[in-house]
Amino acid sequence: MRWRHLDKSLFVWVLLIGVLLVLVVNPLARLLWASFEHGATGAFTLENYAAAYGRWRYLEALWNSLVLGLAVAVLGTVFGVPMAWAVSRTDMPAKGLVWAAILGTFIVPSYLGAVAWILLAGPNAGWLNRLYVWLTGAASGPLNIYSMAGLVLVIACYSFPYAFVFTRSALDLISSEMEDAASTLGAGTLRTMLRVTLPLTLPAILGAFIVEFLEAIALFGAPALIALPARFQVMTTMLWQFFEFPPKVQVAAAYSMPLLAITVFLFWLQRRIIARKGYVALTGKGGERRQIRLGGWRWVMLGYCLFVTSLSFFLPMLVVLQAAFAKAWGRGFGLDNITLENLRFVLIDQPITRAATLHTFVYGGTAAAIALGLGLSIAYIVHRRLVPLGGALAYIAMAPFVIPGIVLAIGFYAAYTTPPLVLYGGAWILILAFTTRFLPIAYANSDAAIRSLNPELEDAVRILGGGRLLAMRRVVGPLLKRGLAGAFILVFIPATRELSSAIFLYTTGTQVLSVLLFDKSDEGNFEILSSIGLILVVITVALVLAGFRLAGRDFMLKRTAS
Amino acid sequence: MPIARVLLPVAVTVLLAFGAHAHAFEGEPALYEAAKKEKALTWYTAHYNSETAAAVCNGFEKKYPGIKCNYIRTTAQVAYQRLAQDQKAGIAQASVISSTDVGHYGRMKQDGWLQPYRPKNLSELIDAFKSFNDPDGLYVATAAGLVLITYNTSVVSPADAPKNWTDLLDPKWKGKLSIGHPGFSGYVGTWVVQMRKSYGWDFFKKLELNKPRIGRSINDTVTMLNAKQSWVAAGPSATTLESKDKGNPVAVVYPTDGAILMVSPTGILKNAPAPNAAKLFEEYLLSKDCNEIMVKMRQDSVNRHVQPLPGAKSLAEVKTIRPTYDEVEKGIPEVKELFRDTFGI
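Residues numbered from 1 in each chain as written. Chains lettered and ligands numbered in written order. Predicted model: local features only at pLDDT ≥ 70, side-chain atom pairs only at ≥ 80, totals over all residues.

## Examining the overall build of chain A
Scanning chain A from N- to C-terminus turns up 25 helices and zero strands. For chain A, buried positions account for 53% of its 562 residues. Partitioning the intrachain contacts of chain A with sequence separation of at least 6 by distance along the chain shows that 79% fall at a separation of at least 24. (Helix = DSSP H or I, 4+ residues; strand = E, 2+ residues; numbered from the N terminus. Buried ≥ 20, exposed ≤ 12 C-beta atoms within 10 Å, placed from the backbone. Contact = placed C-beta atoms within 7 Å.)

Here you go:
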């Protein structure tokens, strides 16, 4: 009898604590420990901090990362939020195309995009610059990808999908009745949007803003390709230096500490902003969602969507396709320049491509499933205040995102190469590192979903005698199914293209495509690089589409077609 | 031109004496049998690009069926990092290591990561390269290449192309010059050490005025030239010529003041999971078969019987310069710092 009435969520809580200890706390603790450790003797020291902040160059890189993160988050929001609104709430045409292009954008790894953008907007010979010169007769083109602005553009192109997806799922949950109320009271479309719709989606937008900021400062691949030739360093390229021969792991650990402080602050800020207002907008499946008629403006919106997706998807993919099938991409387009030799090489002469492809998707899928299970459980426990100190769990779940993949990998490496838990050398260390790295996305998404869910629905279950777990299974799960499918994709895709942690944790038997791609990027062989990139993109797209089909829900086009 | 003087007569004599038949070395069958039991070996290499590494591995598997060759190709620094991680964790992954930063070998030797092996095929090694071998037999030279001047032929005519290293300082190349980074690439590190030795650090202060594009690997310069992002570069012979073979508009200049000769060693790890396969592989790297594959990939041969393909000069015809091991080992960490101070990254 007593067992029946015991709230079993306590066990889940204990389990979660254990998992988070392994995934987040232990690697971070090892990292913190290392930052105070003398490289040779292992004694306590503050020297690492002196070394990490003792040079103007090092501080400048930190500052550059902050500027980069903020600029990317702002631009990503400007790109993503209007598109989300247009797709979710208006009668803009060609929504399927726009959504497919955004999905494609999300699948393209940012380092592949960066290479493509070097070809598009390189100062001397970028195709866009050449086009400009040809059209205007000017001496040189206006674009220079090798600049902070260039790097911001490239990274924003590949992080705005966060803003889009977060905002769109929030918008999809707001019923038109609220907007109708505003219209009834005399507000126009714009005013309704600004005063009703936008504030309701604010938590989602803020969540995306933070995710974009953190993603931007944690990236390694795109800055290595663009910032170095542009002559500036960011935090991640600086960290790379600390791992050079002879490696200074301890200094790197010290160098990555302030970023944890920034995350904690941002997270606190987000909660402060949200805490002041009540945001429960979803009350079951009721409520009608009607499209706003834009009239002539719908073409303007479509133009904007196509402009952004051209920057992020259509133009870069055109360049990648050209190179993947070119004998020599420097020769440009032309029938005599087309070959299948590159694809043949990567698929047949290089057997590692096939193994790496399999690893990429198996690891990514497993990591996404684990992260989502964790994220949802934590978000639920935190919001329903089932246990004391739930807030601490939330902080722990959000923490990994600010740790650059390289540093996370080093933390994992330090923690799991020695007994009791030896993972290095196998697949699990990659899977768990990916899980940890993208846990914040899973959590932030689950958090936004649960936040919008009125607890009264579950209370109804409990009043009728059902337990907490039954409520989760029969009410929470089904209501959030769609959001969760999206969240899975949001973790799966970045896990398939994750580079910065993989590059330190893979071994001979566990290579993934991102590592292969990155190794190619400094080899001067863009044809092969593009072929591997193309394989990654094509398979991911196929899997994601198959996933939608199998799930029986057309995640892409639901409601937009009606 | 000491190498030219030494190499040419030797090569000719040997060719006449032995003809062109493949050489099996003494004890090959026994080593092969022992290696077959180990089934596979893993090779960390920074010596060439992936295509060449793949071709070398394929050739090894064909010559010695039953042994699988797994390569991991990275830049020198990354190869060392990976190995250091493995060693620290007590994990035996790699059996063979091929770095381009000779400083790494001094460190690995000191840390006791390598085991000695004197390949029977050492007699096949070009004499001039023998001085690059470790006296204790811990590593031997197995790859050679050049750092030289490269350019895009669609924008620079052969007459206008730089002839020597100081020509790169000409203001007409401002914003059109590409180089790699000594913090990533062993080739670039050695080049920077040599330029400092020849012209003093002033060379790089002047180079900075031309605002070069700085990539990571020396192979990055090939990408830059192909994209016409840069017109001229301090680049590698092998990848540039390979790219030219594919039809890209690039060409090389052998600088009159000397191309930098890169001779890169290979060593066998003490904790090698496949020690016999590793020894067999080291023999193979020196063999005629392997070097014939390498010259097809535009790598320079280290085997005295193998001549380069048309279009590339043999090392014997080129004026080459290079710093000593000691200068490289001490110099690369120094120039990395200087480089960062001068170029800001």
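## Things to note about the domain arrangement of chain B
Residue and element names in this part refer to chain B. On domain assignment, one finds that chain B holds domain 1 (19–142 + 265–308) and domain 2 (145–260 + 321–343). Averaged C-alpha coordinates put domain 1 and domain 2 at centres separated by 27 Å. Put simply, the parts of the chain that give the side of domain 1 that touches domain 2 at least two residues each are α4 (76–89) and α5 (102–110). If one sorts the elements of the side of domain 1 that touches domain 2 by residue count, α5 sits on top with three residues. Counted by class, the side of domain 1 that touches domain 2 contains five nonpolar, eight polar and three charged residues. (Domains from an automatic or database assignment. Nonpolar A, V, L, I, M, F, W, Y, C, P; charged D, E, K, R; others polar.)

## Comments concerning helix α9 (residues 237–245) of chain B
Residues and elements named next belong to chain B. Across the nine residues of α9, eight count as buried, placing the element largely inside the fold. Listing the buried residues of α9 in full gives S237, A238, T239, T240, L241, E242, S243 and K244. Check the buried side of α9 and you find it contacts β5 (139–152), α8 (220–226), β8 (232–236) and β9 (250–253). Residue G247 follows α9 closely and has a positive phi angle near 105°.

## Some thoughts on the interface of chain B and chain A
Listed as interface residues are 45 residues of chain B and, on the opposing side, 37 residues of chain A. Those elements that place two or more of their residues in the side of chain B that touches chain A are α3 (50–63), β2 (68–73), α4, β7 (213–214), α8, α9 and α12 (325–343) of chain B. Here the element with the most residues in the side of chain B that touches chain A is α4(B); it accounts for six residues. Looking at the side of chain B that touches chain A residue by residue, the classes come out as 12 nonpolar, 25 polar and eight charged.

## Considerations on the environment of A:V115
Residues and elements named next belong to chain A. Here V115 is to be found in helix α6 (residues 110–121). C-alpha separation for the pair V115 and A222, spaced 107 residues apart in sequence, amounts to 8.2 Å. If we ignore the near neighbours within four places in the chain, the residues touching V115 are L225, S521, F526 and L529.

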